[in-house]
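Inside the fold
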Amino acid sequence: MKRIPFLRPNLVHLDSYTPYLAQIDESRIYSNYGPLNTLFEQRLLNQFFAGRGALTTVANATLALMLAISLIRRPGGRYALMPSFTFAATPLAAMWCGLEPYFIDIEADSWCIDNRLVEQTLAELGTDVAVVVPYATFGTGTDLSYYSSLHSSGTPVVVDAAASVGTTLGNQHFGIDFPGAVIYSLHATKAFPIGEGGLVHSGDASLVAKLRQAANFGFTAARESALLGLNAKLSEFHAAVGLATIDQFSEKKSTRQQVYGWYRDQLDQQGLLTKGWGLQKTHGSIAHQFVPVLCPQGTNNLAVIDALDRANIEARTYFRPACHQQPSFSSFPRSSMAVTDSVAARSVSLPLWEEMPQSDVIRVLAALSTVNESK
Ligand SMILES: *Cc1c(COP(=O)(O)O)cnc(C)c1O
C-alpha cells in the first residue's frame, strides 16, 4: 500500500508568481522592505486584519519572537512564562533575550496555557516576570481578553500564534487589535506557506514600527542603529510567493478544512470518540496544519505511531518531548506538568495535506481502530 506522508507542503506554483518575479527583475530591488514586500504587507493588513492596527513581515517567526520579546520585556525581569507544550522556538527566543523560560501547564481540552496557573505564578513572581508568551496551540483561536488586560496593566505579552494565519473567531482574524505583539509563521509546513517567513501584528502601531526598525539593524531613517537590532527582513522573492499565496489562501483553507472534517466524521462514524479517542478542543475557523488527536487513557502515543507506521502511514508526536523534557530546557523552573505530561504521552498528530483523498483518511482511521482493539 502506498505510504501516506504526514505533510506534503504545497506552495503556490511557479506560474502564479512569475509576474511578481518579473517585477523584481525590473526594479532590481531584492530585499530591504522593497515594493513587493510593501504590497504584501498592505494586502495582508487589509484582507486579513480589516486594515486595523499594524503589521510587518519578518524573515521567520523565531526571529519575530526574539525581537518582540526583546522590545517589550519588562526591564530587570528574569522569567518568560510560557507553556512547555510548544515548539522549541518559543523558549529559545526567550533565552536569546537573556531570559529564563518558566513553564506553565496547559488546559486539558484546548492544550493551551492554563490562565489560572499564569495568574498564580504572576502573583508569586511579581516583577521578576519579564514577559508572558502564550501559544495558540496548533493554530486554534483562543480568547485573548485576559492577556490584553495583562499587557495593558504592565505585564508585557507576546502571543506565539505561529500556526494561526487565517484563523478567524467570529468574522475577525485571530489576534486582531491585541495590544501586545502577535507572531505568525509563514514556514513551508504551516498553513500559509511561503518557504520561510513570518508576520507580526499588533493593535499598537508604534510597537510594530519599532519591531520593523529592530528587524533592520535598529536603523533610524538616518541609518543609525538606535535599537538592539538584527537582520530579520523578508526578501522580495518570499514576498512574491506571499502575494500569490494571498490569492489562493481561501481555497487552501477550505481544502484543509474539508480534510479535517473527513477526520472528524470518521472518528465519529468508527465510534472512536466513544472509545476514548478525542480531538483537541479548538475555537474558531482554522486552516488546519495537521490533525492532533488524543489517544485513549493508558495508550502510549509511540505505540500508535508504530502501528500507523506498520500500516504505511506517517504520523508525529507533537509535542513529545515537551520542552521541559528536552536537554536545552529541562533545568528551567516550571509549574506542575501533570496535563502537559499526559497530553505529550497521549497525543498523536495525523497526516493532513491539501491533495489528501478521503480514502487516505479512511485508511488512517482504520489503522487507528486496530490500535484500539489490540489494547
Ligand atoms: C513553527 C513555529 C515556530 C517557528 O516558526 P518559524 O517561522 O519556523 O521560525 C514558533 N513557534 C511555534 C509554536 C511554531 O509552531
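Residues numbered from 1 in each chain as written. Predicted model: local features only at pLDDT ≥ 70, side-chain atom pairs only at ≥ 80, totals over all residues. Heavy atoms only, no water.

Okay, the packing of aromatic side chains next. Here the structure, examined in full by the defined rule, presents 21 aromatic pairs. Arranged with centres 6.1 Å apart and planes meeting at 65°, the rings of Tyr135 and Phe319 form a pair that is edge-to-face. Placement of Tyr135 in the loop between β4 (129–132) and α6 (145–152) and of Phe319 in the loop between α9 (301–310) and α10 (338–346) is noted, with a sequence separation of 184 residues between them. The same class applies to Tyr135 and to Phe319, which are both buried. With a centroid separation of 5.6 Å and an interplanar angle of 45°, the aromatic rings of Phe217 and Phe219 are classed as tilted. Taking relative accessible area as the criterion, Phe219 reaches 22% and is therefore assigned partly exposed. Put simply, the rings of Phe6, Phe85, Trp111, Tyr135, Phe138, Phe290, Tyr318 and Phe319 touch in pairs and so form one group of aromatic residues. Over the face of the ring belonging to Trp353 we find Arg8, whose NZ or CZ atom lies 5.4 Å from the ring centre. Between the NZ or CZ atom of Arg212 and the centre of the ring of Tyr33, over which it lies, the distance is 4.0 Å. (Phe/Tyr/Trp six-rings, centres within 6.5 Å; stacked < 30°, edge-to-face > 60°. Helix = DSSP H or I, 4+ residues; strand = E, 2+ residues; numbered from the N terminus. Buried < 20%, exposed > 50% of the residue type's maximum accessible area, 1.4 Å probe, protein only. Lys NZ or Arg CZ within 6 Å of the ring centre and 35° of its normal.)

Below, the discussion takes up the sheet that holds strand β10 (residues 278–279). The strand order across the open sheet built from three strands is β10-β11-β12, with neighbouring strands paired in antiparallel fashion. Here the strands that pair on one side only, and so sit at the sheet edges, are β10 and β12 (347–350). Across four bridges, the pairing between strand β11 (residues 291–294) and β12 is antiparallel. Of the residues in β12, the one forming a bridge with Val291 is Leu350. This element, α10, spans β11 and β12 of the sheet and lies at about 45° to β12. (Pairing = 2+ DSSP bridges. Contact = heavy atoms within 4.5 Å. Axes fitted to C-alpha atoms, helices over the stretch in contact; angles between N-to-C directions.)

Moving on, we get to the domain arrangement of the protein chain. Under the domain assignment, the protein chain is made up of domain 1 (14–245) and domain 2 (249–373). Using C-alpha coordinates to define each centre, domain 1 is positioned 26 Å away from domain 2. Across the boundary between the two partners, domain 1 contributes 40 residues, which contact 36 residues of domain 2. When the buried area of domain 1 at its contact with domain 2 is split by residue, Phe103, Trp111 and Phe138 rank highest and sum to 22% of it. Remark: the boundary between domain 1 and domain 2 carries 17 residue pairs in polar contact (both at pLDDT 80 or more). (Domains from an automatic or database assignment. Buried area = accessible area lost by both parts, 1.4 Å probe. Polar contact = N/O pair within 3.5 Å; in protein donor to acceptor, adjacent residues only side chain to side chain.)

Take the sheet that holds strand β9 (residues 198–202) next. Ordered by their spatial adjacency, four strands build an open sheet running β1-β9-β8-β5, and the pairing between neighbours is mixed. Of all the strands in the sheet, just β1 (54–58) and β5 (158–160) have a single pairing partner and so form its edges. Pairwise comparison of adjacent strand axes, ignoring direction, gives a mean angle of 20° for this sheet. Where β5 meets strand β8 (residues 181–185), three bridges bridge the pair, whose relative direction is parallel.

Attention now goes to the pattern of salt bridges. Scanning the entire structure with this criterion turns up eight salt bridges. Asp114 is the partner of Arg116 in a salt bridge, and the nearest nitrogen-oxygen pair spans 3.1 Å. Under the relative-accessibility criterion, Arg116 is labelled exposed at 62%. Residue Glu354 pairs with Arg256 through a salt bridge whose shortest N-O separation is 3.3 Å. (Salt bridge = Lys/Arg side-chain N within 4 Å of Asp/Glu carboxyl O.)

Moving on to helix α7 (residues 205–214). Taken together, the buried positions of α7 are Leu207, Val208, Leu211 and Ala214. Burial along α7 is one-sided: seen end-on, the buried residues are contained in an arc of 120°. Of the surrounding elements, those touching the buried residues of α7 are β1, α3 (61–72), β8 and β9. (Arc of directions from axis to C-beta.)

Turning to its location among the elements, Leu169 is positioned in strand β6 (residues 168–169). For the pair formed by Leu169 and Thr140, sequence separation is 29 residues and the distance between their alpha carbons is 9.5 Å. Discounting chain neighbours no more than four positions away, the residues touching Leu169 are Gly141, Thr142, Phe174, His283 and Gly284.

Around the ligand, the surrounding shell holds 14 residues, and the nearest of these are Ala61, Thr62, Asp160, Ser185 and Lys190. The contact in question runs from an oxygen atom of the ligand to an N or O atom on the side chain of Ser185, over 2.7 Å. With the chains in place, 91% of the 390 Å² that the ligand exposes on its own is no longer accessible. Elements that contribute at least two residues to the shell around the ligand include exactly α3 and α4 (89–96). Here the shell around the ligand is built from residues that sort into five nonpolar, seven polar and two charged. (Near = heavy atom within 4 Å. Areas by Shrake-Rupley, 256 points an atom, 1.4 Å probe, with all protein chains shown as cover. Nonpolar A, V, L, I, M, F, W, Y, C, P; charged D, E, K, R; others polar.)

Let us look at a nonpolar patch on the surface. Nonpolar side chains collect at one region of the surface, where Leu92, Met95 and Trp96 lie side by side and expose about 320 Å² of accessible area between them. Position of Trp96 among the secondary structure elements: in helix α4. (Patch = residues over 30% accessible without salt bridge, like charges linked within 9 Å, V, L, I, M, F, W, Y side chains within 5 Å.)

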